[in-house]
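A look at the structure
In case you want the letters, here they are:
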Amino acid sequence: MAVFLWDLHTQRERMVSFNDLWTKKTLLGLVLGQFLSLLITSTGFSSSELARRGINAPTSQSFANYVLLAIIYGAMLIHRRKGLKAKWYYYILLGIVDVEANYLVVKAYQYTSLTSVMLLDCWTIPCVIFLTWFFLKTKYRLKKFAGVAICVTGLVMVIFSDVHTQDRSAGSSPVKGDFLVIAGSVLYAVSNVSEEFLVTNADRVELMAMLGLFGAIVSACQISILERQELQSIQWSAGAVLPFIGFALAMFLFYSFVPILLKHNGSTMLNLSLLSSDMWAVLIRIFAYGEKVDWMYFISFAAVAVGLIIYSWGSKEDDKSKVRVAEDTAEQSNTMDEEAAIGIPDQGSTVGSSKPGDGKYDIGPSTLQGLIAPIGKKNILEDAQGNTY
């Protein structure tokens with residue numbers, strides 16, 4: 001009987017764990033992440049096609065995307081007639097970082113292969129994990145690190161496959177291109193984490209509008225300095241214009257949906273999802289161009305998919321934990337307010353306030369036990385700045 005009850009308990013735990021996996025939030029993250037991955041794959045093919053035609057204008061490729069963001073989301077922001085929720089100079093810094101990240105990665109297509117670029121930009125993942133842990137105080141469980149490790153292992157298998165098939169030999173200067181990708185990946189990490197912070201504390205429409213505005217200004221200045229002669233020397237034709245248009249539209253959609261994934265699943269989930277862009281590139285090469293690829297690509301694709309699922313597993317449990325913490329905090333705050341209302345002071349600690357002089361204080365319930373305020377005695381409270389009340 002005891003064995004039967006134990007088996008029944010184990011089955012229930014497995015069922016709950018499985019239900020935690022297939023939550024709405026997890027499915028949204030997986031599906032939206034793969035859609036963004038396909039968009040990145042299309043921008044990679046557009047950049048590779050322009051590089052094959054000898055067109056070297058990375059900033060100009062991104063300029064149209066920033067203009068579209070500024071026009072569409074800027075109109076929405078003006079229509080709302082509300083002030084900015086974040087400081088405007090934050091968006092200037094974000095615009096500079098984002099423009100230079102795009103510039104470095106797109107520039108790398110001039111020197112190395114498409115596969116090399118899409119593999120080496122996985123350096124963004126450890127950078128994002130460190131930045132979110134250090135600045136946003138994000139907690140990562142062992143399960144999350146296991147998912148990341150499996151995803152990166154899948155990409156390492158693709159690298160070995162590329163070495164085996166000599167795919168990395170493409171490009172005029174592979175080493176230079178690889179360093180450009182790594183530098184761009186660091187800036188992408190800074191941009192992703194900054195966007196996660198802003199979309200959580202500000203607003204998605206505001207973020208896109210201001211990023212588009214300052215990104216377009218920075219891009220225009222950089223084009224006038226670095227790419228003016230290059231644009232004048234281009235022989236414009238349908239073959240040259242279409243990759244520009246395709247790149248701009250794909251980037252616009254990518255930028256529009258990224259804040260949604262950042263808000264619900266975080267920047268680490270975003271970058272893990274983008275790892276599969278190399279896998280989609282392989283499938284396009286197989287079916288669109290009729291190329292043959294190594295069998296390790298398919299194992300790598302499966303590894304990335306499993307890693308994403310493991311990383312997403314337990315999101316519902318984490319959310320419940322956050323809700324419980326918030327509820328406990330609110331309940332504790334209400335208790336302290338009620339105790340403060342009946343005149344029970346904290347006589348053994350310094351009183352802190354988020355706004356000095358606003359009359360609201362945090363009183364620890366543990367210090368209230370056994371303390372009773374004498375009737376008619378004036379209570380003198382001192383805040384962190386020495387003000388008395």
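Residues numbered from 1 in each chain as written. Predicted model: local features only at pLDDT ≥ 70, side-chain atom pairs only at ≥ 80, totals over all residues. Heavy atoms only, no water.

Glancing now at the overall build of the protein chain. For the protein chain, the helix and strand inventory stands at 14 helices and zero strands. Listed by position from the N terminus, the elements making up the protein chain come as α-α-α-α-α-α-α-α-α-α-α-α-α-α. Expressed as a percentage of its 389 residues, the buried residues of the protein chain come to 43%. Considering only contacts within the protein chain whose residues lie at least 6 apart along the sequence, 86% involve residues at least 24 apart. Carbon together with sulfur atoms contributes 65% to the accessible area of the protein chain, which is approximately 21300 Å² in total. (Helix = DSSP H or I, 4+ residues; strand = E, 2+ residues; numbered from the N terminus. Buried < 20%, exposed > 50% of the residue type's maximum accessible area, 1.4 Å probe, protein only. Contact = heavy atoms within 4.5 Å. Areas by Shrake-Rupley, 256 points an atom, 1.4 Å probe, with all protein chains shown as cover.)

This part is about the confidence of the model for the protein chain. On average, the protein chain scores 74 in pLDDT, and the residues at 70 or more come to 68%. With pLDDT under 50 throughout, residues 12-18 is counted as low confidence; its partners more than four residues away or in other chains account for two contacts. Here residues 344-389 scores under 50 on pLDDT; set against residues more than four positions off or in separate chains, the count is 51 contacts. (pLDDT = per-residue confidence, 0-100.)

A few words now on the packing of helix H8 (residues 174-201) against helix H10 (residues 238-265). Running from amino to carboxyl end, H8 crosses H10 at an angle of 75°, the nearest separation of the two axes being 9 Å. Taken together, H8 and H10 sit at an angle that is classed as roughly perpendicular. For the pair H8 and H10, the contacting residues are Asn192, Glu195, Glu196 and Val199 in the first and Val258, Pro259, Leu262 and Lys263 in the second. Considering only residue class, the contact of H8 with H10 consists of four nonpolar, one polar and three charged. (Axes fitted to C-alpha atoms, helices over the stretch in contact; angles between N-to-C directions. Parallel < 35°, antiparallel > 145°, perpendicular 65-115°, else oblique. Nonpolar A, V, L, I, M, F, W, Y, C, P; charged D, E, K, R; others polar.)

Between helix H3 (residues 58-80) and helix H9 (residues 204-233), the least distance of the axes is 6 Å, while the angle of their chain directions is 150°. It follows that H3 is roughly antiparallel to H9 by the angle criterion. The element H3 and its partner H9 pack so that their crossing is left-handed. Residue classes in the contact of H3 with H9 are distributed as 19 nonpolar, seven polar and four charged. (Left-handed = near helix turned anticlockwise from the far one by under 90°.)

Further remarks concern unusual backbone geometry. Positive phi outside glycine occurs at arginine 81, with the angle close to 55°. For lysine 137, which is not glycine, the phi torsion reads 60° and is therefore positive. Here lysine 137 is to be found in the loop between helix H6 (124-134) and helix H7 (142-165).

Right, let's get into the pattern of salt bridges. Charged atoms that come close allow side chains of opposite charge to pair. Scanning all chains against the criterion turns up three salt bridges. Its salt-bridge partner being glutamate 49, residue arginine 52 comes within 2.6 Å of it at the nearest N-O pair. One end of the pair, arginine 52, and the other, glutamate 49, are both in helix H2 (residues 24-52), three residues apart, so they sit about a helical turn from each other. Of the charged contacts, one joins arginine 80 and aspartate 203 as a salt bridge, the two residues approaching to 3.0 Å between their closest N and O atoms. You can see arginine 80 sitting in helix H3 and its partner aspartate 203 sitting in the loop between H8 and H9, a full 123 residues away along the chain. On the basis of relative accessibility, which here comes to 32%, the residue arginine 80 falls in the partly exposed class. (Salt bridge = Lys/Arg side-chain N within 4 Å of Asp/Glu carboxyl O.)

Side chains of nonpolar character tend, in soluble globular proteins, to be buried together. Counting 36 residues, the largest nonpolar core has Leu36, Tyr91, Phe254 and Tyr255 as its most contacted members. Of all the secondary structure elements, the ones that give two or more residues to this core are H2, H3, helix H4 (88-108), H8, H9, H10 and helix H11 (267-274). In this structure, tyrosine 91 is in contact with Ala86, Leu198, Ala202, Glu206, Leu207, Met210 and Phe214, ignoring residues within four places of it in sequence. Of all hydrophobic cores here, the second largest spans 13 residues; its members include Ile125, Tyr140, Met269 and Tyr311. (Core = buried A, V, L, I, M, F, W, Y, C linked by side-chain atoms within 4.5 Å.)

Quick look at the packing of aromatic side chains now. How two aromatic rings sit relative to each other is given by the distance of their centres and the angle of their planes. Counting across every chain of the model gives 12 aromatic pairs. With a centroid separation of 6.2 Å and 40° between ring planes, the pair formed by tyrosine 73 and phenylalanine 252 is classed as tilted. On the criterion of sequence distance, the pair formed by tyrosine 73 in helix H3 and phenylalanine 252 in helix H10 is long-range, its members being 179 residues apart. Both residues of the pair, tyrosine 73 and phenylalanine 252, count as buried. When the ring of tryptophan 88 is compared with that of tyrosine 89, the centres are 5.8 Å apart and the planes differ by 75°; the resulting orientation is edge-to-face. Given the relative accessible area of 38%, tyrosine 89 is considered partly exposed. Grouping aromatic residues by their ring pairs yields a cluster made of Phe130, Trp133, Phe134 and Phe135. Positioned over the ring face of phenylalanine 134 is lysine 137, at 5.8 Å from the centre of the ring. (Phe/Tyr/Trp six-rings, centres within 6.5 Å; stacked < 30°, edge-to-face > 60°. Lys NZ or Arg CZ within 6 Å of the ring centre and 35° of its normal.)

The next thing to look at is the environment of alanine 250. For alanine 250, the position within the fold is in helix H10. Distance from alanine 250 to serine 42, taken between C-alpha atoms, is 6.9 Å for residues 208 residues apart in sequence.

All right, on to empty space enclosed by the protein then. Enumeration according to the criterion identifies two cavities of 30 Å³ or more in this entry. Estimated volume of the largest cavity: approximately 450 Å³. For the lining of the largest cavity, the elements supplying multiple residues, two or more each, are H2, H4, helix H5 (114-120), H6, H8, H10 and H11. With five residues, the top contributor of residues to the lining of the largest cavity is H10. Across the lining of the largest cavity, the residue classes tally to 17 nonpolar, nine polar and three charged. (1 Å grid on protein atoms, 1.4 Å probe; cavity = no way out; pocket = protein on both sides within 12 Å on 5 of 7 lines; lining within 4 Å. Points joined across faces, edges and corners; volume = space filled by probe spheres on them.)

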